[in-house]
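So the chains spell out like this:
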Amino acid sequence: MTNLIDGKIIAASLRADVTEAVNTLKSAYNYAPTLAVVLVGDDPASQVYVRSKHKFTKEAGMGSLEHQLPEDVSEQTLIDLIKNLNGDDSVDGILVQLPLPGRIDTDRVIGVIDPAKDVDGLTEISAGRLSLGRGGLRPCTPEGCVILAKSALADGDSLSGKHCVIVGRSILVGKPAAFLFLEQNCTVTIAHSRTKNLADICRSADILVAAVGRPLMIKGDWIKKGAIVIDVGINRVAIDQHNKHDNPKAKRKTKLVGDVDFAAAVKHAAAITPVPGGVGPMTIACLLRNTVLAACARRNMTMPDKL
Ligand code: GUN
């Protein structure tokens, strides 16, 4: 029987640990960490993410600042805001919601974030520390993937020595995920949309992380019997409607699907994340944890045990 990896439950448990840690910091230091989120423009998906981040940050007992800037904001105004947040001692974590409008130089903007407040783990310092195997703030989605993969192991088993194939090479997920699974002593292969023999490489994976952003690209028979499948893709696709020709003006219905053909993959995998409700909720939970980690490191507070 395939085990469904419930990201909602695992994320709720991590958020509960974060809430407990925040309460400990309040008691010990009379201090609650604060996260600042910067959103440019009105992309509906980004607005949904930012609203959730705000809600869960408040629920964990932390401060939450939201800076919404118009789509046509200048790059310099955005950079000046980040510099202000860097200099604001009451801000422990800074997240710039991606993607930014195409005319803005994303690397330049991310590069301005103080690495001590880089709760997204995207600055060159954070990425460098990760690649060198040194401590620091880790990108949230890949960190969530590792937690979910570990949760699916049999009692007493570990990720050590397992072959982890990551399909996707983005700076947000694929590349940092490779280093994080390497830290767990996995043997790691990074594949991508141009990899030759992609199906065969996927078939050799004990842990398969799909992060290419192509709906249903990973087929059921690409999955080794007994593999753990972590699907990072969140793709909105139209639902085929039998009567769509009867009423062409009817609003097309859509649904979210992952990068993995879930219905076929469940027949092969030992455990698999659903979309939605798999990796997605973990990203925010890991972001909250990073905000507490950043606050403790910056303020010389002892890190509460739970985290
Ligand atoms: N957009 C989608 N996922 C993320 C994320 O993890 N961090 C940021 N900054 N933007 C995103």
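Check the entry above for the structure.
Everything in this summary refers to the structure shown in the same document. What you see is a predicted model; the values in this text were computed from it and never measured. (Residues numbered from 1 in each chain as written. Predicted model: local features only at pLDDT ≥ 70, side-chain atom pairs only at ≥ 80, totals over all residues. Heavy atoms only, no water.)

## Section: the side chain of Ser46
Line of reasoning, step 1. By the element assignment, Ser46 lies in helix H2 (residues 44-59).
Line of reasoning, step 2. With near-sequence residues (within four places) excluded, Ser46 lies in contact with Leu39, Gln97, Leu98 and Pro99. (Helix = DSSP H or I, 4+ residues; strand = E, 2+ residues; numbered from the N terminus. Contact = heavy atoms within 4.5 Å.)

## As for the site of the ligand
Line of reasoning, step 1. The ligand sits among Leu95, Val96, Gln97, Leu98, Asp120, Thr141, Leu172 and Thr283.
Line of reasoning, step 2. Within the backbone of Val96, one N or O atom sits 2.8 Å away from a nitrogen atom of the ligand.
Line of reasoning, step 3. Within the side chain of Asp120, a nitrogen or oxygen atom sits 2.4 Å from a nitrogen atom of the ligand.
Line of reasoning, step 4. A class-by-class count of the residues in the shell around the ligand yields 4 nonpolar, 3 polar and 1 charged. (Near = heavy atom within 4 Å. Polar contact = N/O pair within 3.5 Å; in protein donor to acceptor, adjacent residues only side chain to side chain. Nonpolar A, V, L, I, M, F, W, Y, C, P; charged D, E, K, R; others polar.)

## Comments concerning the sheet that holds strand E2 (residues 34-40)
Within a sheet, adjacent strands bond to each other through the backbone by hydrogen bonds, running parallel or antiparallel.
Line of reasoning, step 1. Pairing is parallel across the open sheet formed by 3 strands, whose spatial order is E3-E2-E4. Edge positions in the open sheet fall to strand E3 (63-69) and strand E4 (93-96), since each of these has one partner strand only. Pairs of neighbouring strands in the sheet enclose a mean axial angle of 15°, with direction left out of account.
Line of reasoning, step 2. Across the sheet, helix H3 (residues 75-87) is in contact with E2, E3 and E4; its angle to E2 comes to roughly 180°. (Pairing = 2+ DSSP bridges. Axes fitted to C-alpha atoms, helices over the stretch in contact; angles between N-to-C directions.)

## Quick notes on the packing of helix H1 (residues 7-29) against helix H6 (residues 140-151)
Line of reasoning, step 1. Packing of H1 against H6 leaves a shortest axis separation of 11 Å and a crossing angle of 110°. Compared by their axis directions, H1 and H6 come out roughly perpendicular. Viewed along their axes, H1 and H6 form a crossing whose handedness is right-handed. Here H1 contributes Gly7, Ile10 and Leu14 to the contact with H6, which in turn contributes Ile147, Leu148 and Ser151.
Line of reasoning, step 2. A class-by-class count of the residues in the contact of H1 with H6 yields 4 nonpolar, 2 polar and no charged. (Parallel < 35°, antiparallel > 145°, perpendicular 65-115°, else oblique. Left-handed = near helix turned anticlockwise from the far one by under 90°.)

## Observations concerning a negative patch on the surface
Line of reasoning, step 1. A cluster of acidic residues, Asp42, Asp43, Glu71 and Asp72, forms a negative patch on the protein surface.
Line of reasoning, step 2. With respect to the helices and strands, Glu71 occurs in the loop between E3 and H3.
Line of reasoning, step 3. Since its relative accessible area comes to 42%, Glu71 is described here as partly exposed. (Patch = residues over 30% accessible without salt bridge, like charges linked within 9 Å, V, L, I, M, F, W, Y side chains within 5 Å. Areas by Shrake-Rupley, 256 points an atom, 1.4 Å probe, with all protein chains shown as cover. Salt bridge = Lys/Arg side-chain N within 4 Å of Asp/Glu carboxyl O. Lys, Arg positive; Asp, Glu negative; His and termini not counted. Charge placed at Lys NZ, Arg CZ, Asp CG, Glu CD. Buried < 20%, exposed > 50% of the residue type's maximum accessible area, 1.4 Å probe, protein only.)

## Some thoughts on the pattern of salt bridges
Line of reasoning, step 1. In total, this model carries 12 salt bridges according to the counting rule given.
Line of reasoning, step 2. Asp200 is paired through a salt bridge with Arg203; the nearest N and O atoms lie 2.7 Å apart. With a gap of 3 residues between them, Asp200 and Arg203 both fall in helix H8 (residues 198-203), about one helical turn apart.
Line of reasoning, step 3. The network of salt bridges with common partners includes Asp89, Asp92, Arg298 and Arg299.

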